[in-house]
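Remarks on the overall topology
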Amino acid sequence: MKTLLAWRAGKDSAWTLHVLRQQGIEVFALLTTLNEAADRVAMHGVRRTVLEAQAEAVGVPLWKVPLPWPCTNDDYEARMAAACRRAVAEGFDTIAFGDLFLRDIRAYREKQLAGSGLTPIFPLWEIPTAQLARDMIAGGLRARLSCVDSKQLDASFAGRDFGVELLAELPAAVDPCGENGEFHTCVYDGPMFRAPLPLRTGELRTVDGFVYTDLL
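Let us look at the structure shown here.

Rules of the game
- Residues numbered from 1 in each chain as written.
- Predicted model: local features only at pLDDT ≥ 70, side-chain atom pairs only at ≥ 80, totals over all residues.
- Heavy atoms only, no water.
- Helix = DSSP H or I, 4+ residues; strand = E, 2+ residues; numbered from the N terminus.
- Rg over C-alpha atoms; globule rule 2.2 N^0.38 Å.
- Buried < 20%, exposed > 50% of the residue type's maximum accessible area, 1.4 Å probe, protein only.
- Areas by Shrake-Rupley, 256 points an atom, 1.4 Å probe, with all protein chains shown as cover.
- Lys, Arg positive; Asp, Glu negative; His and termini not counted.
- Charge placed at Lys NZ, Arg CZ, Asp CG, Glu CD.
- Core = buried A, V, L, I, M, F, W, Y, C linked by side-chain atoms within 4.5 Å.
- Contact = heavy atoms within 4.5 Å.
- Axes fitted to C-alpha atoms, helices over the stretch in contact; angles between N-to-C directions.
- Parallel < 35°, antiparallel > 145°, perpendicular 65-115°, else oblique.
- Nonpolar A, V, L, I, M, F, W, Y, C, P; charged D, E, K, R; others polar.
- 1 Å grid on protein atoms, 1.4 Å probe; cavity = no way out; pocket = protein on both sides within 12 Å on 5 of 7 lines; lining within 4 Å.
- Points joined across faces, edges and corners; volume = space filled by probe spheres on them.

**Concerning the overall build of the chain**
Across its full length, the chain holds 6 helices and 10 strands. Rg of the C-alpha trace for the chain: 16 Å, near the compact-globule value of 17 Å for 216 residues, within the 12% margin. Summarising its shape, the C-alpha atoms of the chain cover approximately 45 × 40 × 35 Å along the three principal directions. Put simply, the chain has 216 residues, and 51% of those count as buried. Of the accessible surface of the chain, which amounts to about 10,000 Å², a share of 52% is contributed by carbon and sulfur atoms. Between the mean site of the 23 positive side-chain charges and the mean site of the 28 negative ones, the chain shows a separation of 4 Å.

**Comments concerning the nonpolar core**
Within the largest apolar cluster, 51 residues are counted, with the highest numbers of intra-cluster contacts made by W7, L30 and F162. If you list the elements that add at least two residues to this core, you get helix 1 (11-22), strand 2 (27-35), helix 2 (48-58), helix 5 (129-138), strand 7 (142-149), helix 6 (164-169), strand 8 (183-189) and strand 10 (210-215). Setting aside its immediate chain neighbours within four residues, W7 contacts S13, A14, L17, L30, L31, T32, L51, Q54 and V58. Counting residues in each nonpolar core, the second largest holds 18 residues, with A6, C84, L118 and F122 among its members.

**A few points about the packing of helix 1 against helix 5**
Contact geometry for helix 1 and helix 5: axes closest at 11 Å, N-to-C directions at 70°. Taken together, the axes of helix 1 and helix 5 lie roughly perpendicular to each other. Only L132, D135 and M136 of helix 5 make contact with helix 1, whose side of the interface consists of K11, D12 and W15. Among the residues making up the contact of helix 1 with helix 5, the classes are represented as 3 nonpolar, no polar and 3 charged.

**Considerations on the layout of surface pockets**
For the largest pocket, the calculated volume is near 1,500 Å³. Taken together, 48 residues make up the lining of the largest pocket; nearest its centre are R8, A42, M43, H44 and H184. Secondary-structure elements contributing two or more residues to the lining of the largest pocket are helix 1, strand 2, strand 3 (40-41), helix 3 (73-89), helix 4 (103-113), strand 8, strand 9 (201-207) and strand 10. Ranked by residues supplied to the lining of the largest pocket, first place goes to strand 2 with 4 residues. Grouping the amino acids of the lining of the largest pocket by side-chain chemistry returns 24 nonpolar, 15 polar and 9 charged. For the second largest pocket, the calculated volume is near 230 Å³. Forming the boundary of the second largest pocket are 13 residues, of which M80, A81, C84, Q112 and L113 lie nearest the centre. Partitioning the lining of the second largest pocket into residue classes produces 8 nonpolar, 2 polar and 3 charged.

**Things to note about unusual backbone geometry**
A cis geometry characterises the amide bond from W69 onward to P70, with omega recorded as 0°. Relative to the elements of secondary structure, P70 occurs in the loop between strand 4 (62-67) and helix 3. Non-glycine residue A9 carries a positive phi angle of around 85°. We note that M43 has phi near 75°; this positive angle belongs to a residue other than glycine. Position of M43 relative to the elements: it lies in the loop between strand 3 and helix 2. Note on M43: relative accessible area 46%, which makes it partly exposed.

The structure is reproduced here in structure tokens:
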């Protein structure tokens, strides 16, 4: 297997890398979409410079897919299809995702990749998220909440560390891994890193109900 990993800068993709390595599967490249206008990871709001530091810390080359803003679904699919063609041309046959339980997202990925030459795999699929969150933390993964959906989770959680204290304070309706979009994270240390990233927290900004933490 020559595996590409969909990398969003957060805990799920980082833990997917860790699990794949434990299984003896080498990841040869990280694939990340970037908002061209903001120069940040789409949805997570993580700066490109932090993303590049993560790739250096895990020791895997980074493939950046720039997306226009605003970005239509056609724009997204065209640019991802081009990235997949590049991967196949370079000998990749597998792409891994850190999806946890959202069946519509998995079905969409499988549909888009059908006939592409890349087989999608989902190493964390249907691991109970309360258990998974605890395993990540106990395993040494360290992350901060880079984005909070204030319609689902209080804005005061933005910028906090993803740890046992945070898990204990999450409302019952919020998934422990934020899989329903309640929050996104930025990983700065863990068993997949060669050295931790010295992140510092910048200003908070609110865009359309989402509270972003500027991590530097």
